[in-house]
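Residues per chain are reported as follows:
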Amino acid sequence: MAPAIMIAADAPKLSSANTGFMLICSALVLIMTPGLAFFYGGMVRVKSTLNMLMMSFISIGIVTILWVLYGFSMAFGTDSGHIVGWNSDWLGMSNVGLTQLWDGYTIPIFVFMVFQMMFAIITPALISGALADRVKFTAWSLFVALWATVVYFPVAHWVWGTGGWAFDLGVIDFAGGTAVHINAGAAALGVILVIGKRVGFKKDPMRPHSLPLVMLGAGLLWFGWFGFNAGSWLGNDDGVGALMFVNTQVATAAAMLAWLAYEKIRHGAFTTLGAASGAVAGLVAITPSGGAVSPLGAIAVGVIAGVLCAMAVGLKYRFGYDDSLDVVGVHLVGGVVGSLLIGLFASGHGQSDVEGLFYGGGMTQFWKQCAGVFAVLAYSLVASAILAFLIDKTIGMRVTEDEEVAGIDQAEHAETAYDFSGAGGGVVGSAGPAVAATETKKVDA
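For clarity, every value in this text was computed on a predicted model and none was experimentally measured.

## Structural notes on unusual backbone geometry
At step 1: With phi around 65°, His82 is a residue other than glycine that occupies positive phi space.
At step 2: On the secondary structure map, His82 appears in the loop between β1 (78-80) and β2 (84-86).
At step 3: The phi dihedral of Ala414 falls on the positive side, at around 55°, and the residue is not glycine.
At step 4: Among the structural elements, Ala414 can be located in the loop between α16 (408-413) and α17 (432-444).
At step 5: Residue Ala414 is classed as exposed on the basis of its relative accessible area of 58%.

This is the structure:
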């Protein structure tokens, strides 16, 4: 009986501290999706603002329901062929006890499930920025449901699920460089290659209509990202989550400064859009690597990602693909950079004892990272393009050219973001004209 008693004594027990921490982190990750909506919403033209906001918000509704019904089971259930998971007890989460713990941890299954739900929500929302101005809302909603099922749920199992091939290979992805950012960035590229360019791409000005909205969104993303990253250790017992918190701040700051420096040298100005984009690039790059590198390594990750992502956003003009809001340039490139740099900068003193090339570990981990990065990239790119093609050939992906030119907000949502009817000039019988006339006389005098 002694061994059994020892096992029972050493078994994890529910920690109210870790449980509370993870619920807060889950809420922080959820706020990232509205933050993303503001970030993207400010970057588009006025006539597309509401559609951009809605493309993020609808993901909250659709993915939440799918995750509870079967998504969590596919991502984290019992492994099948190292490709996908399944657990019939988790269908609808109807056979899970309130205090039943996530295996090996001190938090309930419900808490782990809802934390991972927020990751599943924001990942398809990231794709939407590449498709601004031109996609039917019904087609986008259907794409979100299909993409989550066919791409995100299996890839999450590859990377984080017990038995997933990337997990077993030893690919390091602390919080989603492959499963979230490369996955979404490659999907964005696959879809835009199918649906084509916006009307007027490279001809008409397509500047952001509200840079304050962009900065607000970037700030919310930065704030919520601490839950996204630090929470991914699922507890606060050994300091790794604290390291990830510090590295998230450090890399983001470094990337923002690096992007601005590149921008000043290349274009002669420090822009608010560059500051916001650089911060997001740093957040993306540190997401897979922050638990494996030191704070000095995080600075290196941020600087490299800031410069390379700033360079990458211009590739769409050279190669002719219309990535409206630079999802490929920031999320795909940033995810690849952050994931591969683990093979160089892993210190061996963070989430594991794995050491990168610069710490004496050779190239072993780098090649493992390459396997994870390029497998996810290729699968998501191809699968997403096929899904977009099928939807386009059935219900159609794009609004009409006239609707796109007039404004997708009015066509798809029967609303506009800003109502100017009550601003400006007066109406007949109001005091407006009289005041204007008085002011004119004063000027003439």
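After presenting the structure, the write-up continues.
## Side note on the confidence of the model for the chain
Caution applies to low-pLDDT parts of the model: their predicted coordinates are not meant to be read in detail.
At step 1: Summing up the model confidence of the chain, the mean pLDDT is 92 and the portion of residues at 70 or higher is 92%.
At step 2: Overall, residues 1-8 carries pLDDT values under 50, and its contacts beyond four positions in sequence, including any with other chains, amount to zero contacts.
At step 3: Scored below 50 in pLDDT, residues 425-445 shows one contact in the model against residues more than four places distant or in partner chains.

## Some thoughts on the pattern of salt bridges
At step 1: Enumeration over the complete set of coordinates arrives at five salt bridges.
At step 2: Its salt-bridge partner being Lys316, residue Asp326 comes within 2.9 Å of it at the nearest N-O pair. Here Asp326 is found in the loop between α12 (315-319) and α13 (327-345), whereas its partner Lys316 is found in helix α12, with ten residues between them in sequence.
At step 3: Several salt bridges share partner residues, and in doing so they unite Arg45, Asp133, Arg198 and Asp322 into one network.

## A closer look at the packing of helix α4 (residues 109-127) against helix α7 (residues 177-195)
At step 1: Packing of α4 against α7 leaves a shortest axis separation of 8 Å and a crossing angle of 30°. When the axes of α4 and α7 are compared, the pair comes out roughly parallel. Pair α4 / α7 crosses with right-handed handedness. For the pair α4 and α7, the contacting residues are Phe119, Thr123, Leu126 and Ile127 in the first and Ala179, Val180, His181, Ala184, Ala187 and Ala188 in the second.
At step 2: Tallied by class, residues from the contact of α4 with α7 come to eight nonpolar, two polar and no charged.

## What to know about helix α5 (residues 137-160)
At step 1: At Ala148, α5 shows its maximal kink, close to 45°.
At step 2: Burial of α5 is extensive: 18 of the 24 residues sit out of reach of the surface.

## Remarks on the packing of aromatic side chains
At step 1: Scanning the entire structure with this criterion turns up 27 aromatic pairs.
At step 2: Relative to Trp165, the ring of Trp158 has its centre 5.7 Å away and its plane inclined at 50°; by these criteria the two rings are tilted.
At step 3: Look at Trp158 and you get buried, because its relative accessible area is 7%.
At step 4: A residue is classified by how much of its surface remains accessible, and Trp165, at 24% relative accessible area, is partly exposed.
At step 5: Taken together, the aromatic side chains of Trp67, Tyr70, Phe72, Phe76, Trp90, Trp102, Phe112, Trp147, Tyr152 and Phe153 make up a single cluster linked through ring pairs.

What counts and how
- Every chain's residues receive numbers from 1 upward, in the order its sequence appears when written.
- Predicted model: local features are reported for residues with pLDDT of at least 70 only, side-chain atom pairs are reported and counted for 80 or more only, and whole-chain, interface and lining totals are derived from all residues.
- Hydrogens and waters are ignored; side-chain quantities use all the structure's heavy atoms.
- Secondary structure elements follow DSSP: runs of H or I of four or more residues count as helices, runs of E of two or more count as strands, with numbering from the N terminus.
- For the exposure calls, accessible area comes from a 1.4 Å probe over protein chains only, and a residue counts as buried if that area is under 20% of its type's maximum, exposed if over 50%, partly exposed in between.
- Residue-level confidence of the predictor is what pLDDT reports, using numbers from 0 through 100.
- The contact definition used throughout considers only heavy atoms, calling two residues in contact when any of these lie within 4.5 Å.
- Within this document, salt bridges are pairs made up of a side-chain nitrogen of Lys or Arg and a carboxyl oxygen of Asp or Glu, the two lying within 4 Å of each other.
- To obtain each axis, a line is fitted to C-alpha atoms, and for helices this fit is confined to the stretch in contact; angles are then taken between N-to-C directions over 0 to 180 degrees.
- Every angle not falling under 35 degrees, over 145, or within 65 to 115 is termed oblique; those three ranges are roughly parallel, roughly antiparallel and roughly perpendicular.
- Helix crossings are classified by the rotation of the near helix relative to the far one: an anticlockwise turn of less than a right angle makes the crossing left-handed, while a clockwise turn makes it right-handed.
- The classification used treats Ala, Val, Leu, Ile, Met, Phe, Trp, Tyr, Cys and Pro as nonpolar, Asp, Glu, Lys and Arg as charged, and all other residues, Gly among them, as polar.
- The angle between axes fitted to the seven residues ending at a residue and the seven residues starting there is what we call the bend at that residue.
- Working definition: rings of Phe, Tyr and Trp (its six-membered ring) pair if their centres are within 6.5 Å, and the pair is stacked with planes under 30 degrees apart, edge-to-face with planes over 60 apart, and tilted otherwise.

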